[in-house]
Amino acid sequence: MHDLLIKNATIYDGLGGAPVQGNLAVSDGRIAAVGKDAGAAREVVNADGLALMPGIIDTHTHFDAQITWDPLASPSPGLGVTTVIMGNCGFTIAPCRPPDRDLTMRNLTHVEGMSLDALRSGIDWNFETFPEYLDGLERRGVGPNVACFAGHSSIRTFVMREAATTRAATPDEVAEMRRLVVQALEAGACGFSTTRSGQHNGEAGIPMPSRLADEREMLALSSSLKDVGRGILMMTKAADTPMPFIEKLAQSAGRPYLVAALLHSNLTPESTFEDLAHIAAARNRGNRLYGAVSPCPLTFEFTLHEPYVFEGLAAWQPLMKMDEAGMKKALSDPEFRIAVKDELARRSRRMFNGEWEKMFVTQTTRPEHAKFEGGAIDVLAAREGKHPVDFLLDLSLAENLDTLFTATLLNSDEQAVGAMLRDPNSIVSLSDAGAHLTFLCDAGFGLHFLGHWVRDKHVMPLEAGVRKLSAEPADLFGIRDRGRLALGQCADLLLFDPATVGRGRPERVFDLPAGASRLTTPSVGVHGVWVNGQCMAARDGMLADAPTAGRVLRKFAA
Ligand SMILES: [Zn+2]
């Protein structure tokens, strides 16, 4: 007698094989039978022809802090995700000594899009070292399966304290960091992650520590994977991080390198394709580079209280160190405005490049401004006879910076994004789930990929799309017993309707510690999600009593 039988399903194996009609049985958390006759079970679900695939593996999340107060890592399991990879971009919270906790949270507050209050009252600091952090997760239990990178910025802060954000490391400090990376890998880290992106800043514009690393440090830490013989490297590159440099790091480790974030920009439309061409050339030389691409347009909902979208501008840097009164004064300053306009007139691969037609007024606070709601900044500014910079800043200042804007900044050219998703060296990723919480929610990236790109845009057959979300990332990360529906595999399952699958509209909820808000999205077309054979979500989203059915993954294939 099996524990669970899902009968009459259209089964997608995750490996790209043609779907088969049949039944799938689960015993003790593993797939015990697949086929026409799978035997009897205590619980039977009639799939009625719906599609059954391996649960989605989300390779780019930032749940490291959230998972210590929300072991379920919501909303991801409700959106079909059964395994999350955390600690991307080098942002982790372990290792961390008690006196450095505030420093670590101040680094995270910005990139995570969470208030410092939420982090301060939320994080359970029941660890100091990376191995203790993994042990803590295991003791508390986790909803989805969890794998965690050794994060460059945390390790740098652990070794260099305050100096981590101000200078290059000494040879002794590099040696100590390398020792900690190896320690993390041996305890079960899935690899080593870092960032060079100028968009990655902590509180008051402090650069994330890894941005201060020189080539010697980058090589020393990356090559530590060679000693261990396992794991994957990941980096969020800057516009000017040369691909040959990343290839050199990959070569020093002899391990795969996942390069993020390949987001398409209309102002430099060739650059992501140049990156993918470099990656293909590197592959031909035997260096296993992959490009992390997103199926989602990068859409931010924001106020000027947290102007993340503008913080890639050099002219904006001084404002990040100011309190709100100082910032308001600066926003009114004509010289500041001229500097912003000049900079926006020069093309670059930054997040915002003056695409005012893609930035909208979403919500105003004063009745006389209600007429602007839903309008694009370029149109509204022209109507008011103002430069878009002046229009946006004047409006926001008149409303105490409370005006809500929405901007679709990158990845909005559908033809280009479709081509990137089809690239043989691309990994469908970049949900950033658990981060940027006040601005966006792409935790449903997999459902969006299956609905919008596979069904509506026909970028690839469904069986190939399923593979991009399951066996492909499992193989990249050396996760052997997940990501495919086959005998003996862990029973991570997603039951969905290919005709309707997708994600709903973003909703703002106020469920973070200290009452802070975040954006979330509901699932569409999901009928069931199981982690290790236990049901986490049904048609209406995550179960109210969803179990901590996940495992902390610590063993990765070479
Ligand atoms: Zn990230």
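Quick look at the structure, then. Note that this is a predicted model, so its numbers are computed, not measured. (Residues numbered from 1 in each chain as written. Predicted model: local features only at pLDDT ≥ 70, side-chain atom pairs only at ≥ 80, totals over all residues. Heavy atoms only, no water.)

**What to know about the environment of leucine 119**
Next, step 1: For leucine 119, the position within the fold is in helix 2 (residues 116–122).
Next, step 2: It is 8.6 Å that separates the C-alpha atoms of leucine 119 and alanine 514, two residues lying 395 residues apart in sequence.
Next, step 3: In this view, leucine 119 contacts Ala65, Trp69, Met105, Leu108, Thr109 and Met114; residues no more than four positions away in its chain are not counted. (Helix = DSSP H or I, 4+ residues; strand = E, 2+ residues; numbered from the N terminus. Contact = heavy atoms within 4.5 Å.)

**As for helix 13 (residues 388–398)**
Side chains that are three or four residues apart share a direction in an α-helix, a result of its 3.6 residues per turn.
Next, step 1: With eight of eleven residues buried, helix 13 lies mostly within the body of the structure.
Next, step 2: Taken residue by residue, helix 13 has Pro388, Val389, Asp390, Phe391, Leu392, Leu393, Leu395 and Ser396 as its buried positions.
Next, step 3: Of the surrounding secondary structure, the elements contacted by the buried residues of helix 13 are helix 10 (324–332), helix 11 (334–345), strand 15 (359–363), helix 12 (377–384) and strand 16 (404–410).
Next, step 4: Taken from the residues just after helix 13, asparagine 400 is the one with a positive phi, measuring 55 degrees. (Buried < 20%, exposed > 50% of the residue type's maximum accessible area, 1.4 Å probe, protein only.)

**Regarding the packing of helix 9 (residues 271–284) against helix 14 (residues 414–422)**
Next, step 1: The contact between helix 9 and helix 14 brings their axes to 11 Å, and the two run at 10 degrees. When the axis of helix 9 is compared with that of helix 14, the two are roughly parallel. Regarding helix 9 and helix 14, the two cross each other, and that crossing is left-handed. Residue-level inspection shows Thr272, Phe273 and Leu276 of helix 9 in contact with helix 14, the latter providing Ala416, Ala419 and Met420.
Next, step 2: The residue inventory of the contact of helix 9 with helix 14, partitioned by class, reads five nonpolar, one polar and no charged. (Axes fitted to C-alpha atoms, helices over the stretch in contact; angles between N-to-C directions. Parallel < 35°, antiparallel > 145°, perpendicular 65-115°, else oblique. Left-handed = near helix turned anticlockwise from the far one by under 90°. Nonpolar A, V, L, I, M, F, W, Y, C, P; charged D, E, K, R; others polar.)

**Topic: the coordination of the zinc ion**
Next, step 1: Coordination of the zinc ion by the protein involves His60 (NE2), His62 (NE2), Cys89 (SG) and Asp432 (OD), with metal-donor separations of 2.1 to 2.7 Å.
Next, step 2: Coordination geometry of the zinc ion: the four donor atoms subtend angles of 78 to 170 degrees at the metal centre, consistent with an arrangement described as irregular.
Next, step 3: Taken in chain order, the donor set of the zinc ion reads H-x1-H-x26-C-x342-D. Placement of the pair is histidine 60 in the loop between strand 6 (56–58) and strand 7 (81–86) and aspartate 432 in the loop between strand 17 (426–428) and helix 15 (445–456), with a sequence separation of 372 residues.
Next, step 4: Histidine 60 sits in the buried class, given a relative accessible area of 3%. (Donors = N, O, S within 2.8 Å, 3.2 Å for Na, K, Ca; no water. Tetrahedral: all angles 85-135°; square planar, octahedral: opposite > 155°, others 65-115°.)

**Examining the pattern of salt bridges**
Two side chains with opposite charge may pair up if their charged atoms get near one another.
Next, step 1: Throughout the structure, instances matching the rule amount to 31 salt bridges.
Next, step 2: Note that aspartate 102 and arginine 106 form a salt bridge whose closest N and O atoms lie 3.6 Å from each other. Here aspartate 102 pairs with arginine 106, and both are found in helix 1 (residues 101–112), just four residues apart, close to one helical turn.
Next, step 3: Given a relative accessible area of 28%, aspartate 102 falls into the partly exposed group.
Next, step 4: Overall, the relative accessible area of 24% leaves arginine 106 in the partly exposed class.
Next, step 5: With a shortest N-O distance of 3.1 Å, lysine 457 and glutamate 414 are connected by a salt bridge. Here lysine 457 is found in the loop between helix 15 and helix 16 (462–469), whereas its partner glutamate 414 is found in helix 14, with 43 residues between them in sequence.
Next, step 6: The class of lysine 457 is partly exposed, set by a relative accessible area of 42%.
Next, step 7: A cluster of three or more residues bridged by salt bridges with shared partners is formed by Arg337, Lys341, Lys386, Asp390 and Asp394. (Salt bridge = Lys/Arg side-chain N within 4 Å of Asp/Glu carboxyl O.)

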